[in-house]
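Summary of the model geometry
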Amino acid sequence: QVQVVESGGGLVQPGESLRLSCVVSGVPFSHLVSGWYRQAPGKERELVASISADGGTYYLDSVKGRFTVSRDNAKSSVYLQMNNLKLEDTAVYYCNVPYGEFEYDYWGQGTQVTVAS
């Protein structure tokens with residue numbers, strides 16, 4: 001059974017930081033890419049950052065220099081360090097792991113990040 005569980009969201013003020021965690025089970029995590037997506041009210045879900053099995057990373061342009069994605073294969077976990085948070089970062093953040101013959105996207109339940117003054 002595949003399980004994806006996010007945590008670490010919360011309410012912060014602009015300029016502050018949060019670290020999101022995602023624990024994945026039921027898949028060969030160390031061999032898979034993993035991504036963080038977010039969805040704000042009224043907007044489409046967008047890819048924020050991803051990290052491949054070999055450590056290669058991708059970042060949405062608007063978060064470059066502020067967010068860092070990392071992984072710990074021993075813990076089957078992926079993290080998103082979010083620094084200098086801005087109002088526009090407010091969204092539900094989801095962890096994603098494509099896996100299987102048809103690369104089905106496994107999603108967590110999401111964790112709310114709210115940036116407000």
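Look a little higher up for the structure.
Throughout what follows, the structure given in this document is the object of discussion. Treat the numbers as computed from the prediction; the structure is a model and nothing was measured. (Residues numbered from 1 in each chain as written. Predicted model: local features only at pLDDT ≥ 70, side-chain atom pairs only at ≥ 80, totals over all residues. Heavy atoms only, no water.)

This paragraph deals with unusual backbone geometry. Despite not being glycine, Ser-76 shows a phi value in the positive range, around 50°. The topology assignment puts Ser-76 in the loop between β7 (67-72) and β8 (77-82). A residue is classified by how much of its surface remains accessible, and Ser-76, at 21% relative accessible area, is partly exposed. One non-glycine residue, Asn-84, adopts positive backbone phi at about 50°. Position of Asn-84 relative to the elements: it lies in the loop between β8 and β9 (91-99). Given a relative accessible area of 41%, Asn-84 falls into the partly exposed group. (Helix = DSSP H or I, 4+ residues; strand = E, 2+ residues; numbered from the N terminus. Buried < 20%, exposed > 50% of the residue type's maximum accessible area, 1.4 Å probe, protein only.)

With that settled, the discussion passes to the environment of Arg-38. As for its placement among the helices and strands, Arg-38 is situated in strand β4 (residues 34-39). On the accessibility criterion, Arg-38 (5% relative accessible area) is buried. Here Glu-46 takes part through its side chain, which lies 2.9 Å from a polar atom of the side chain of Arg-38. (Polar contact = N/O pair within 3.5 Å; in protein donor to acceptor, adjacent residues only side chain to side chain.)

In spatial order, the strands read β1-β3-β8-β7; together these 4 strands make up an open sheet with antiparallel pairing. This sheet does not close on itself; its edge strands, each paired only once, are β1 (3-7) and β7. Strand-to-strand twist in this sheet, taken as the mean axis angle between neighbours without regard to direction, amounts to 15°. The pairing of β1 with strand β3 (residues 18-25) spans 5 bridges and is antiparallel. If you follow Val-4 over to β3, its bridge partner there is Val-24. (Pairing = 2+ DSSP bridges. Axes fitted to C-alpha atoms, helices over the stretch in contact; angles between N-to-C directions.)

Geometric values such as these leave the question of function open.
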